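Descriptive structure summary
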Amino acid sequence: TQLLEQSPQFLSIQEGENLTVYCNSSSVFSSLQWYRQEPGEGPVLLVTVVTGGEVKKLKRLTFQFGDARKDSSLHITAAQPGDTGLYLCAGWVSGSARQLTFGSGTQLTVLP
Amino acid sequence: DAMVIQNPRYQVTQFGKPVTLSCSQTLNHNVMYWYQQKSSQAPKLLFHYYDKDFNNEADTPDNFQSRRPNTSFCFLDIRSPGLGDAAMYLCATSRVGGSPLHFGNGTRLTVT
């Protein structure tokens, strides 16, 4: 059973459209991170959210951490081809600092 | 400047021929991780070192070994690679458990 369920798994949209990626769990996370990975590269950290209900913005990307710290979302406004990549949510389960749990990933393709 | 460096970027080995992948870091982070990632999937943790403390995941095959001779370097040894071991291997570091991960750009392993 996947501890962090990420959806959708694949997403293909046109440039200029908006999209939301979801990351859900039945476990409580002390913090949750979002990474973006481009082909042939390692994942790069986009943001860390720590506080329940927290909202962080990074240009056209908006990240939200659920009030109960069990879920998170990533919203991209006016997607661009440069946003194409594999988006991964990952979290540290509350009370454990031993292993970062990854979501299954969302492969986003933004078509020009 | 690259902070987590993996060599080589691409490695081709023959079925059953031992291979070693290397990772170095300039961040002086305590924790180093090795992940295996197959196409468009989330990275799968193989093992990690917290300083010199080695932690093996329960489902990591015995075929995979690791060494961390000092803070800066970590190696992944695959004793007898099989076709199923072809993947991207990612090294990552974190300052402590619970901190964001810094990934290298990975080594793409091909097994012929």
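For the structure, check the block above.
The structure displayed is predicted, hence computed values, not measured ones. (Residues numbered from 1 in each chain as written. Chains lettered and ligands numbered in written order. Predicted model: local features only at pLDDT ≥ 70, side-chain atom pairs only at ≥ 80, totals over all residues. Heavy atoms only, no water.)

**Section: the environment of Leu3 of chain A**
Residue and element names in this part refer to chain A. Relative to the elements of secondary structure, Leu3 occurs in the segment before strand E1 (5-7). Each C-alpha atom, one on Leu3 and one on Val21, is 16 Å from the other, the two residues being 18 residues apart in sequence. Leu3 has contacts with Asn24, Ser25, Ser27, Phe29, Val93 and Thr101, leaving out every residue within four places of it along the chain. (Helix = DSSP H or I, 4+ residues; strand = E, 2+ residues; numbered from the N terminus. Contact = heavy atoms within 4.5 Å.)

**Points about the sheet that holds strand E7 (residues 61-65) of chain A**
Residue and element names in this part refer to chain A. Strand order in the open sheet formed by five strands is E1-E3-E8-E7-E6, with antiparallel pairing between adjacent strands. The strands lining the two open edges of the sheet, one partner per strand, are E1 and strand E6 (55-58). Strand-to-strand twist of the sheet, defined as the mean angle between neighbouring strand axes without regard to direction, takes the value 15°. As defined by bridge partners, E6 adjoins E7 across four bridges and the pair is classed as antiparallel. Residue pairing in the sheet places Lys56 in a bridge with Phe63 of E7. (Pairing = 2+ DSSP bridges. Axes fitted to C-alpha atoms, helices over the stretch in contact; angles between N-to-C directions.)

**Details of the state of the cysteines**
Enumeration over the complete set of coordinates arrives at two disulfides over all chains. With a sulfur-sulfur separation of 2.0 Å, Cys23 of chain A is cross-linked through a disulfide to Cys89 of chain A. What sets the handedness of the Cys23 of chain A and Cys89 of chain A disulfide is the S-S torsion sign, and at about 75° it is right-handed. Of this pair, Cys23 of chain A sits in strand E3 (residues 19-24) while Cys89 of chain A sits in strand E9 (residues 85-93), and the two are 66 residues apart along the sequence. Like Cys23 of chain A, the residue Cys89 of chain A is buried in the burial classification. Linked covalently through their sulfurs, Cys23 of chain B and Cys91 of chain B form a disulfide whose S-S length is 2.0 Å. Taking the sign of the torsion about the S-S bond as the criterion, the disulfide between Cys23 of chain B and Cys91 of chain B, at about -70°, is left-handed. Separated by 68 residues along the polypeptide, Cys23 of chain B in strand E3 (residues 19-25) and Cys91 of chain B in strand E9 (residues 87-94) bring together distant segments of the chain. Accessibility expressed as a relative area gives 1% for Cys23 of chain B, which makes it buried. For Cys91 of chain B, a relative accessible area of 0% gives the class buried. The closest cysteine sulfur to the non-disulfide-bonded Cys74 of chain B is located on Cys91 of chain B, 6.0 Å from its own sulfur. (Disulfide = S-S within 2.5 Å. Buried < 20%, exposed > 50% of the residue type's maximum accessible area, 1.4 Å probe, protein only.)

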